[in-house]
Amino acid sequence: RGCSLVDASILRAHLRGTNLCGCDMRGAQLHLSDMEDADLSDTQLQGADLSKCCLRGANVTNAIFTGASLSESELEGCDLGVANPDFSRVKLSGTRLSAVSMQE
């Protein structure tokens, strides 16, 4: 929680169910990582490579994804929470977004 992984290279990481709330992961290389059911709320992911990651069931409330790559990732069942996460300039080609929830 609240860690700094700026520009870290963490490929194929097993982060299932991990609490990454408030972490600064700008520019991190997380290609092919498993973050199913992880808590990514309030996380800074600007410019991060999350391509081919599993984010099924993850909590991404208030996460900032500006300029990140989520290409071919799985976001099925993600919780976007009350505030919409920032997905501006995000690469979403081939990304699965089914059953994503957002509260009003």
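In what follows, the structure referred to is the one given above.
Predicted, not measured: the structure shown is a model, and the values here were computed from it. (Residues numbered from 1 in each chain as written. Predicted model: local features only at pLDDT ≥ 70, side-chain atom pairs only at ≥ 80, totals over all residues. Heavy atoms only, no water.)

Q: Looking at this model, I keep getting lost on the overall build of the protein. Mind explaining?
A: Regarding its fold elements, the protein presents zero helices and zero strands. By residue count, 44% of the 104 residues in the protein fall in the buried class. The contacts in the protein between residues at least 6 apart in sequence include a share of 3% that link residues at least 24 apart. Roughly 5,100 Å² of accessible area belongs to the protein as shown, and the carbon and sulfur atoms make up 46% of that amount. (Helix = DSSP H or I, 4+ residues; strand = E, 2+ residues; numbered from the N terminus. Buried < 20%, exposed > 50% of the residue type's maximum accessible area, 1.4 Å probe, protein only. Contact = heavy atoms within 4.5 Å. Areas by Shrake-Rupley, 256 points an atom, 1.4 Å probe, with all protein chains shown as cover.)

Q: Sorry if this is basic, but what is going on with the pattern of salt bridges here?
A: Tallying each qualifying case throughout the model produces five salt bridges. With a shortest N-O distance of 2.6 Å, Arg26 and Asp24 are connected by a salt bridge. Taking relative accessible area as the criterion, Arg26 reaches 36% and is therefore assigned partly exposed. (Salt bridge = Lys/Arg side-chain N within 4 Å of Asp/Glu carboxyl O.)

Q: Whenever I open this one, the state of the cysteines confuses me. Can you help?
A: Here, disulfide denotes a covalent bond that connects the sulfur atoms of two cysteines. Evaluated as defined, the whole model comprises one disulfide. Paired through a disulfide, Cys3 and Cys23 show a sulfur-sulfur distance of 2.5 Å. Given an S-S torsion of about 110°, the disulfide between Cys3 and Cys23 has right-handed geometry. Taking relative accessible area as the criterion, Cys3 reaches 27% and is therefore assigned partly exposed. You can see Cys21 has no disulfide; the closest cysteine sulfur is in Cys23, sitting 7.8 Å from it. Here Cys54 stays free of any disulfide, with the sulfur of Cys53 as its closest cysteine sulfur at 8.5 Å. (Disulfide = S-S within 2.5 Å.)

Q: Explain the nonpolar core here, please?
A: Here is a general trend for soluble globular proteins: nonpolar side chains tend to be buried in one another's company. Residues Leu30, Met35, Leu50, Leu55 and Phe65 are the most contacted members of the largest nonpolar core, which totals 25 residues. Leave out the neighbours within four places in its chain, and Met35 touches Leu15, Arg16, Leu20, Leu30, Leu40, Leu50, Cys53, Cys54, Leu55 and Ala58. (Core = buried A, V, L, I, M, F, W, Y, C linked by side-chain atoms within 4.5 Å.)

Q: Could you clarify how one ought to interpret unusual backbone geometry in this entry?
A: Leave glycine aside and you will find that most residues have negative phi; peptide bonds, for their part, are mostly trans. In this structure, Lys52 takes a positive phi of about 60° despite not being glycine. A positive phi angle, near 65°, is found at Asn62, a position not held by glycine.

Q: What's the story with the environment of Thr18 in this structure? I'm lost.
A: Among the residues examined, Thr18 registers a relative accessible area of 26% and is labelled partly exposed. Distance in space between the C-alpha atoms of Thr18 and Asp39 is 6.3 Å, their sequence separation being 21 residues. Those residues within four positions of Thr18 in sequence are excluded, and the remaining contacts are Ala38 and Asp39. Here Leu15 takes part through its backbone oxygen, which lies 2.9 Å from a polar atom of the side chain of Thr18. (Polar contact = N/O pair within 3.5 Å; in protein donor to acceptor, adjacent residues only side chain to side chain.)

Q: Just checking my understanding: could you explain the environment of Thr43 for this structure?
A: Assessed through its relative accessible area of 0%, Thr43 is described here as buried. Separated by 22 residues in the primary sequence, Thr43 and Cys21 have C-alpha atoms spaced 5.8 Å apart. Within polar-contact distance, the side chain of Thr43 engages the backbone oxygen of Leu20 at 3.0 Å.

Spatial relationships are all this shows, so hold off on functional conclusions.
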